[in-house]
Amino acid sequence: MPDVFISYARSTEAEAHRIAQALRSLGYDVWRDDDLPAHRAYADVIEERLATAKAVVVVWSAEAVKSQWVRSEANRARDEGKLVQLRLDGAALPMPFDQIQCADLTGWSGDEGAPAWRKVVASVADLAGGPGSTAARDGRSPPSFPKLSICVLPFANMSGEAEQEYFSDGISEDIITDLSKISALSVIARNTAFQFKGKAVDVGRMARDLNISHILEGSVRKAGSRVRISAQLIDGAGGDHVWADRWDRDLTDIFALQDEISQAIVGALKLKLLPAEKQAIERRGTSSIEAYNLYLMARRHHLASTETDSRRNETIVRLCGKAVQVDSNYAAAWALLALAQTLLFYADAKGEDDGLAAAERALALDPDLAEPRAVRARHLAHHGRLDEALAEIEVALRLAPESFEVNTAAAVLSYRQRRLEDAIGYYEKAMALVDGDLGSAGMLISCYTAARDDAGLRRVAKVALTRAEKILSDDPSNTKAMGFGANALAVLGEGARAREWIDRALLIDPDNRSMRYNCACALSAHLRDIDGALDLLGPFFRAGTA
C-alpha cells in the first residue's frame, strides 16, 4: 500500500509526475492514477489507494479547483487528517481548503532546496515517516495514523432468510453512520466496508491494507418480533478481541440497542464523546420500528436497481408512503419517497405527484438533510431554473459529499448541461459508493463515448458488464440489466453476444423504453447499425412517448 497518494487534474499531469518522482527519490512509495492495474475497476482502485495512503498530496490548479473528483479526494484526506496541499498556478482554493496551509509551487522546476518544496516534504514526512519527520528528529518510530480508526464489516444475516438481508445491511449502515459522527474516530466508508461482505477476512492483513486500528464484525438474527445482535471489536494489530457482546431484544428496542452498541465501542476505545456527538448519535429520525423497517426495505430496492426502473420506483413509493403514514415526521422516508415520485413523474409520466411536496416536507423536518435538496435541484433544472438548481446541488454536496443520491443528482444535472468532466466525476463517485449501481456505470459509457476517452470507456464497460451479469444471475428476466449489458458488450467488441442480449430483452419485455434506448445506443454508437437502432426506437416515436 502507498505512503503517498497524489490527487491532481489532467492538465497538470507533467507536474504531478515530477512531484511523484521527487518523493520517490526520498524513498516513499507513491501512487497516482498512471499506475492503474488493467484488471481492476478505476473507482475501486482509487478508493482503496486513497483509504490506505498515509499522506494525500493534492495538487491544486485552476482545473483542479473545478474538478469534483479532486475536491472529493481532498475532502476525504482532510477528514482523515492526512491532507498535504500545494498549488501550481496561484488558483484560489475552494472552501474550506483555503483555511488550511498550502505550499505555493508556482513555477517550481524540481529544485529540492526550494522552501515551498521543503514544506511539502516536511508535511509528508510527519504523516508517512521518513527523513525530516518529527519522529525521526526525536529518534522515535513514526506514529501510525490515524491513531483510532475502524472498519465496520457488514453484519452477517443469520435469519435463515435471504429476504432479511436488507435488515442486517441497514443495521450495519446505521452503525457506520453513528460512529462517523465521532470526531476522535476515523471510520472507513460504507462502500469500502461492503466490499468485504460475505468474504472470509484476514483481520491483520485488512488492518494493514486499510491502515486502521480496529475492526468491528457481527451478526443479526431477526425472527418475528425478536432480534439478536452479536458484535465483536477486534484489535487490528494483534487480532485480539477488545470487546464482544450479544443482545436478545424485542424489535421495539432496536434503536436503544443501536445506541448501546455505539456507546460500547466508544467505551472500549476509551473515547470521550462531545455532548453534540452524543445527541447526534441518539437522533434516529423515527421512534417507530414499523416505519424504520419499511424504510430499510425501500432503500434496499433503491440501491438494487437503476433509477429509471419504474417498477422499482413504484415499490419505493408504496413502502415509503406507508412509512410516512406510520410516522409522519420521518424525514428520511419523505426524502426517498420524493425521489421515487420525481423519477416516476418526469421519466415515466406516471402518477399525479411530482415529489416536490414530499421533498419540502423532508426539509421542513430536517433542514440539514441533503437528499431532498438534490430532489429540489432536479425540479429546478427541469423547469429551466439552472442557476438555482446548481446552487441547490452545491448545498447538498456540502452537506453530504458521500451521499449516493446527491452525487447521482449532481451527475444528471451536469450531464444535461453538457459539463462532461463534472458529470464523469459525479458518476464515478456514485458508482464507487454503491457496488450494485449499474445505472452510473451505464451513464459513464455515454460520457466517455462523448469525451472520446477510449481507456475510460473500456474500463467502465467492464464494470457495467460485471454488474449486469451479477444482476442477471439473480434475476434472469431483468431487461434493464440486459440493455446496459448489451451496450457494454458492444463497447468491448462482443457484437454477436450483444445482439443476443438485445433479442432476449425484446422477447421478455418489448415495451420497456429504457431497455430499448440502451439497446439502440449499443447498435448505433458501437455496432454502427443505425437502421437497427431506429427500428428499436420507432414504436415510441410513432406513439409520441419517447
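Attention in this report is confined to the structure presented alongside it. Not measured: the values here are computed from a predicted model.

1. Overview of the overall build of the protein
Scanning the protein from terminus to terminus reveals 25 helices and 11 strands. Its C-alpha atoms give the protein a radius of gyration of 24 Å, near enough to 24 Å, the size a compact globule of 546 residues would have. A total of 546 residues make up the protein; the buried ones form 55% of that total. Long-range contacts, defined as pairs at least 24 residues apart, comprise 60% of the intrachain contacts of the protein with a sequence gap of at least 6. Surface accessibility of the protein: about 24200 Å² in total, with carbon and sulfur atoms responsible for 50%.

2. Some words on helix H12 (residues 289–304)
Taking 1.5 Å as the rise per residue, H12 with 16 residues should run 22 Å; its terminal C-alpha atoms sit 23 Å apart, in good agreement. One side-chain oxygen at the N-terminal end of H12 lies 3.4 Å from the backbone nitrogen of Glu 290; it belongs to Ser 288.

3. Some points on the environment of Trp 243
With respect to the element layout, Trp 243 can be found in strand S11 (residues 241–250). Beyond its immediate sequence surroundings of up to four residues, Trp 243 is in contact with Leu 216, Ala 231, Gln 232, Leu 233, Ala 264, Ile 265 and Ala 268.

4. Quick word on the pattern of salt bridges
According to the stated counting rule, one finds 24 salt bridges in the structure shown. With its nearest N and O atoms 2.8 Å apart, the salt bridge here joins Arg 419 to Asp 422. Beyond isolated ion pairs, a larger network of salt bridges with shared partners links Glu 165, Asp 169, Lys 197 and Arg 300.

5. Structural notes on unusual backbone geometry
The residue Arg 418 is not glycine, and still its phi comes out positive at about 60°. When you line up the elements, Arg 418 lands in the loop between helix H18 (404–416) and helix H19 (420–433). The exposed category is assigned to Arg 418, whose relative accessible area is 76%. The phi torsion at Arg 452 lies on the positive side, around 55°, for a residue other than glycine. In this fold, Arg 452 is placed in the loop between helix H20 (438–451) and helix H21 (454–474). Given the relative accessible area of 75%, Arg 452 is considered exposed.

6. Concerning the sheet that holds strand S4 (residues 83–87)
Sheet strands line up and pair through hydrogen bonds in the backbone, either parallel or antiparallel. On the basis of which strands lie adjacent, the open sheet formed by five strands has the order S2-S1-S3-S4-S5 and parallel pairing. Two strands bound the open sheet, and with one partner strand each, they are strand S2 (30–31) and strand S5 (103–104). Across two bridges, the pairing between strand S1 (residues 4–7) and S2 is parallel. Note that in S2 the partner of Phe 5 across the bridge is Trp 31. Helix-sheet contacts for helix H4 (residues 68–79) involve S1, strand S3 (55–60) and S4, and the interaxial angle to S3 is about 145°.

7. Considering the packing of H20 against H21
Packing of H20 against H21 leaves a shortest axis separation of 9 Å and a crossing angle of 155°. The angle between the axes of H20 and H21 places the two elements in the roughly antiparallel class. As H20 packs across H21, the resulting crossing turns out to be left-handed. Judged by residue contacts, Leu 438, Ala 441, Leu 444, Ile 445, Tyr 448 and Thr 449 of H20 engage Gly 456, Leu 457, Arg 459, Val 460, Ala 461, Val 463, Ala 464, Arg 467, Ala 468 and Ile 471 from H21. A class-by-class count of the residues in the contact of H20 with H21 yields 12 nonpolar, two polar and two charged.

8. Overview of the packing of aromatic side chains
Any aromatic ring pair is given by two values, namely how distant the centres are and how the planes are angled relative to each other. Inspection of the entire model under this criterion finds five aromatic pairs. Between Tyr 295 and Tyr 330 the ring centres are 5.5 Å apart and the planes differ by 55°, which places this aromatic pair in the tilted class. One end of the pair, Tyr 295, is in helix H12; the other, Tyr 330, is in the loop between helix H13 (310–326) and helix H14 (331–347), and 35 residues separate them in sequence. The exposure class assigned to Tyr 295 is buried, which follows from its relative accessible area of 15%.

9. Focus on the nonpolar core
Generally speaking, a soluble globular protein has its nonpolar side chains buried in company with each other. In terms of nonpolar packing, the biggest core is built from 73 residues, with Phe 167, Leu 179, Leu 185, Leu 216, Ile 229 and Ile 254 touching the most fellow members. In terms of residue count, H14 provides more of this core than any other element does, 10 residues in total. Residue contacts for Leu 216: discarding those within four places in its chain leaves Ile 150, Cys 151, Val 152, Leu 153, Phe 155, Ile 175, Ala 231, Gln 232, Leu 233, Trp 243 and Ile 265. In this structure, Ala 381, Leu 397, Met 431 and Ala 464 belong to the second largest nonpolar core, which totals 57 residues.

Scoring rules and cut-offs
- Residues numbered from 1 in each chain as written.
- Predicted model: local features only at pLDDT ≥ 70, side-chain atom pairs only at ≥ 80, totals over all residues.
- Heavy atoms only, no water.
- Helix = DSSP H or I, 4+ residues; strand = E, 2+ residues; numbered from the N terminus.
- Rg over C-alpha atoms; globule rule 2.2 N^0.38 Å.
- Buried < 20%, exposed > 50% of the residue type's maximum accessible area, 1.4 Å probe, protein only.
- Contact = heavy atoms within 4.5 Å.
- Areas by Shrake-Rupley, 256 points an atom, 1.4 Å probe, with all protein chains shown as cover.
- Expected span 1.5 Å × (residues − 1).
- Polar contact = N/O pair within 3.5 Å; in protein donor to acceptor, adjacent residues only side chain to side chain.
- Salt bridge = Lys/Arg side-chain N within 4 Å of Asp/Glu carboxyl O.
- Pairing = 2+ DSSP bridges.
- Axes fitted to C-alpha atoms, helices over the stretch in contact; angles between N-to-C directions.
- Parallel < 35°, antiparallel > 145°, perpendicular 65-115°, else oblique.
- Left-handed = near helix turned anticlockwise from the far one by under 90°.
- Nonpolar A, V, L, I, M, F, W, Y, C, P; charged D, E, K, R; others polar.
- Phe/Tyr/Trp six-rings, centres within 6.5 Å; stacked < 30°, edge-to-face > 60°.
- Core = buried A, V, L, I, M, F, W, Y, C linked by side-chain atoms within 4.5 Å.

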